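Summary of the model geometry
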Amino acid sequence: MSRFWSPVVSSLTPYVAGEQVVLPDLVKLNTNENPYGPSPQALAAIREAATDVLRLYPDPTALRLRTAIARSHGVEPDQVFVGNGSDEVLAHSFAALLKHDAPLLFPDVTYSFYPSWSRLYGITFREVPVDEGLQVRVADFRQPCGAIILPNPNAPTGSALPLQDIEALLHDHPDQPVVIDEAYVDFGGTSAVPLVARHPNLLVVQTFSKSRSLAGLRVGFAIGQRPLIEALERMRDSFNSYPLDRLAIAGAVAAWEDRGWFETQRDRVIASRERLAGALRALGFDVLPSAANFLFARHATISGEALAAGLRARSILVRRFARPPIQDHLRISIGTDAECDRLVAGLAELVDPPA
Ligand SMILES: *Cc1c(COP(=O)(O)O)cnc(C)c1O
């Protein structure tokens, strides 16, 4: 607290990101980063962009990147909005589209940034409980509301809803904006982008951070019909007109166009995920089926707190959310097979300690 603060500052509950620690021999499976590097073509493009031209501001609308994204998603460039990570795109969505008199709905087990943005922008929200299996039931969203947001696949469970469920949600709420946060869709979900043409209330948000291995570059985007995109543009131009720098635009375009690299690394992550799920089940873990680049798992007898602490003592970081009903779950990002093996070895010691 400080007398220099604006009144809003003390009312905020900032999002707490997974730790970014640097330790020798660390196995970092706590922030859903991709274990494999970005496209070599993206790295080359970033290097080529690092010239005297950096004295000039970048294209505020990143038209080159929006055109590349639009082409492969079958939409027009003016239906694409890009931002400094999808967190920024989502933040603008909260302010521009999700604040209404009636409450914003999102699942009670979901991306923990949603309540933070709601408080930042003074949005009243209602958390819709997931079922006993931690699954989102779209029928439970059939209630009066101002807007809806949910990740698909959901975070931190990794569970994906079929497209029929998203369509049902859009049909149930034709007069409310519905934002689908597809941060993990490339690892096994089905994108709602093809529904954009028929649903003026749908905004789909994706990121380069996970499936394109560019968490450090900070690039995310949204696709929707013009009025929704225009709302985001108005927010951007009231906040920061140049959210993507020249290096980010160059790197993101090259990464987007290197489809082969993307598919190869994505398939490796999916294969490691299924391998790790099997190993965890063999150790007595209940593992939710995942369509993401992480697993959400709970041991039959050992608390999440004890497991996370035991792993940490072995320089293995995973993410845990210390709140019911998920306090005993670990969210484990998919690493290389070698990293997953170290995790399994550590868990094996904790589950069945040597005498
Ligand atoms: C990782 C994540 C994001 C944000 O990613 P950016 O790095 O800001 O693009 C958004 N939504 C969910 C559910 C995420 O897990």
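Residues numbered from 1 in each chain as written. Predicted model: local features only at pLDDT ≥ 70, side-chain atom pairs only at ≥ 80, totals over all residues.

To keep things clear, this is the line we draw: UniProt positions are given in the numbering used here, feature names are shortened, and annotations may be inferred rather than shown by experiment.
You'll find the protein chain entered in an unreviewed UniProt entry as Histidinol-phosphate aminotransferase, with Inquilinus ginsengisoli given as the organism. Per its UniProt entry, the protein chain bears the Catalytic activity (unreviewed entry) comment "L-histidinol phosphate + 2-oxoglutarate = 3-(imidazol-4-yl)-2-oxopropyl phosphate + L-glutamate". The heading Subunit (unreviewed entry) in the UniProt record of the protein chain holds the text "Homodimer."

**A look at the overall build of the protein chain**
Note the cut-off: Every helix listed is a DSSP run of H or I at least four residues long, and every strand listed is a run of E at least two residues long, numbered separately from the N terminus. Computation of the radius of gyration draws on C-alpha atoms, with the globule rule given as 2.2 Å multiplied by the number of residues to the power 0.38. Here the contact rule is simple: place C-beta atoms from the backbone, and any two residues whose C-beta atoms are within 7 Å are in contact.
Scanning the protein chain from N- to C-terminus turns up eleven helices and twelve strands. In terms of C-alpha radius of gyration, the protein chain reaches 21 Å, essentially the compact-globule figure of 20 Å for 355 residues. Taking as baseline every contact in the protein chain between residues at least 6 positions apart, the subset at least 24 positions apart corresponds to 74%.

**Describing the pairing of strand 4 (residues 125-128)**
Which entries qualify depends on this criterion: What makes two strands pair is DSSP finding at least two bridges between them. A right-handed crossover is one whose linking path, passing over the helix from the first strand to the second, runs clockwise when the strands point away from the viewer.
Sheet topology places strand 3 (residues 104-107) next to strand 4; four bridges connect them, and they run parallel. Across the sheet, residue Phe106 finds its bridge partner in strand 4, namely Glu127. Running through helix 5 (residues 113-120), the crossover from strand 3 to the neighbouring parallel element strand 4 is right-handed.

**Focus on the sheet that holds strand 12 (residues 329-333)**
The line we're drawing: Whenever a helix is involved, its axis is fitted only over the stretch in contact; in every case the axis is a line through C-alpha atoms, and angles between N-to-C directions fall within 0 to 180 degrees.
Strand order in this open sheet of three strands is 9-10-12, and the pairing throughout is antiparallel. Both edges of this open sheet fall to strand 9 (285-287) and strand 12, since each of them pairs with a single strand only. Strand-to-strand twist in this sheet, taken as the mean axis angle between neighbours without regard to direction, amounts to 35°. Note: strand 10 (residues 294-299) against strand 12, five bridges, orientation antiparallel. In the sheet register, Ala297 faces strand 12, and the bridge partner there is Leu330. This element, helix 10 (residues 304-313), spans strand 10 and strand 12 of the sheet and lies at about 35° to strand 12.

**As for the site of the ligand**
We apply this condition: Here, nearness is defined through the C-beta atom: a residue counts as near a molecule or strand if that backbone-placed atom lies within 6 Å of it. For this scheme, ten residues count as nonpolar: Ala, Val, Leu, Ile, Met, Phe, Trp, Tyr, Cys and Pro. Four count as charged, namely Asp, Glu, Lys and Arg, and the remainder, Gly too, count as polar.
In the neighbourhood of the ligand, 13 residues make up the surrounding shell, with Gly85, Ser86, Asp87, Thr207 and Ser209 lying closest. The element contributing the most residues to the shell around the ligand is helix 4 (residues 85-97), with three residues. Of the residues assigned to the shell around the ligand, the class counts are five nonpolar, six polar and two charged.

**What about the domain arrangement of the protein chain?**
Here is the rule we go by: Domains are outlined according to an automatic or database domain assignment.
On domain assignment, one finds that the protein chain holds domain 1 (7-37 + 260-351) and domain 2 (40-258). Contacts between the two partners involve 30 residues from domain 1, matched on the other side by 25 residues from domain 2. Looking at which element gives the most residues to the side of domain 1 that touches domain 2, the answer is helix 9 (residues 259-282), with seven residues. Residues belonging to the side of domain 1 that touches domain 2 are distributed by class as follows: 17 nonpolar, nine polar and four charged.

**Here we look at the environment of Ala197**
Looking at where Ala197 falls in the secondary structure, it is placed in the loop between strand 6 (178-181) and strand 7 (202-207). In this structure, the C-alpha to C-alpha distance between Ala197 and Gln225, residues 28 residues apart in sequence, is 7.2 Å.

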